[in-house]
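If you want the building blocks of each chain, they are given just below.
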Amino acid sequence: MGLLEGKNVNLRVVEKEDLPLFAEWLNSPEVFGEYNPLRQVSKTEVEKDFEKGTIEITDFIIEKKDGNKIGFICHFVLLHPAGKILEIGYSLVPSERGKGYGTEAVKIMVDYLFLSRETMRIQACTDTRNLASQKVLEKAGFKKEGIMRQYLFMRGQQRDACLYSILREEWKEPKILTKP
Ligand SMILES: CC(C)(COP(=O)(O)OP(=O)(O)OC[C@H]1O[C@@H](n2cnc3c(N)ncnc32)[C@H](O)[C@@H]1OP(=O)(O)O)[C@@H](O)C(=O)NCCC(=O)NCCS
């Protein structure tokens, strides 16, 4: 039994055997959605990054209870002279959106990070037009801090992004991982 288990989805660190599917998702405009930057990356590069390993970014497969892989969620560190900033990102395959899985995955990730890291804050940023992502963050307890103007370069244009965060004191206690 894994640690990161919810009611409808589980999170599982990406394993070597997931890499072909993971690389396919990273290259797919459909999976990344219309509000994420486009990216093309070779399977070799994905494998190399995986072999190299880094503590700065960790990817998780989002799986349904029947083992079906429906997307991914990651946490990564942004380096700032004043300290490290912990941020999350996520995507679901189009056919599995709108069923509450994104919200549950984010809640599990927030529980996991506050239980396992000394951080006081987790942040996320999303295109101002990405209402689904903003709703997910708000349902998971994040607060909108403001707009970062022309923050993301997307499909040939600079786009404004909303910055969201949740503080440890707002999270208070695990919502899903209540028996780790
Ligand atoms: C963003 C994303 C992960 C949301 O996950 P999801 O599982 O579809 O979201 P949920 O089903 O948990 O929905 C959460 C809320 O958002 C609402 N919502 C879903 N799609 C929406 C849309 N297109 N516009 C407005 N609200 C929307 C839902 O109604 C729900 O609110 P409710 O519970 O009050 O009804 C998913 O849409 C996705 O993978 N998009 C493409 C990639 C992406 O944009 N990633 C985020 C980058 S920051």
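Refer to the structure above for everything that follows.
Residues numbered from 1 in each chain as written. Predicted model: local features only at pLDDT ≥ 70, side-chain atom pairs only at ≥ 80, totals over all residues. Heavy atoms only, no water.

Within the chain, the secondary structure is distributed over six helices and seven strands. Ordered by position in the sequence, the α and β elements of the chain form the string β-α-α-α-β-β-β-α-β-α-β-β-α. For 180 residues, the compact-globule estimate of 2.2 N^0.38 gives 16 Å, and the C-alpha radius of gyration of the chain, at 16 Å, lies within 12% of that figure. Projected onto its principal axes, the C-alpha coordinates of the chain cover approximately 45 × 40 × 35 Å. Residue burial in the chain is summarised as follows: out of 180 residues, 42% are buried. Taking as baseline every contact in the chain between residues at least 6 positions apart, the subset at least 24 positions apart corresponds to 62%. (Helix = DSSP H or I, 4+ residues; strand = E, 2+ residues; numbered from the N terminus. Rg over C-alpha atoms; globule rule 2.2 N^0.38 Å. Buried < 20%, exposed > 50% of the residue type's maximum accessible area, 1.4 Å probe, protein only. Contact = heavy atoms within 4.5 Å.)

What follows concerns the packing of helix H4 (residues 101-116) against helix H5 (residues 131-139). Remark: H4 packs on H5, axes separated minimally by 9 Å, with the N-to-C direction vectors making an angle of 45°. One finds that H4 runs oblique with respect to H5. The two elements H4 and H5 cross, and the hand of that crossing is right-handed. When H4 is examined against H5, the residues Gly 102, Thr 103, Val 106 and Lys 107 are found in contact with a partner set consisting of Val 136, Leu 137 and Lys 139. Tallied by class, residues from the contact of H4 with H5 come to three nonpolar, two polar and two charged. (Axes fitted to C-alpha atoms, helices over the stretch in contact; angles between N-to-C directions. Parallel < 35°, antiparallel > 145°, perpendicular 65-115°, else oblique. Left-handed = near helix turned anticlockwise from the far one by under 90°. Nonpolar A, V, L, I, M, F, W, Y, C, P; charged D, E, K, R; others polar.)

Given a rise of 1.5 Å per residue, 16 residues ought to cover 22 Å, and the 22 Å separating the end C-alpha atoms of H4 matches this to within 8%. The buried fraction of H4 is high, at 12 of 16 residues. Among the residues of H4, those classed as buried are Tyr 101, Gly 102, Thr 103, Glu 104, Ala 105, Val 106, Ile 108, Met 109, Val 110, Asp 111, Leu 113 and Phe 114. (Expected span 1.5 Å × (residues − 1).)

Now for the pattern of salt bridges. Summed over all chains, the structure comprises 11 salt bridges. Note that Lys 99 and Glu 96 form a salt bridge whose closest N and O atoms lie 3.0 Å from each other. Among the ionic pairs, Lys 143 bridges to Glu 170, the shortest N-O distance being 3.6 Å. With Lys 143 in strand E6 (residues 143-154) and Glu 170 in helix H6 (residues 168-171), the pair connects residues that are 27 residues apart, well separated along the chain. Here Glu 170 falls in the partly exposed class, since its relative accessible area comes to 28%. One connected set of salt bridges, linked through shared partners, spans Arg 12, Asp 18, Glu 63 and Lys 69. (Salt bridge = Lys/Arg side-chain N within 4 Å of Asp/Glu carboxyl O.)

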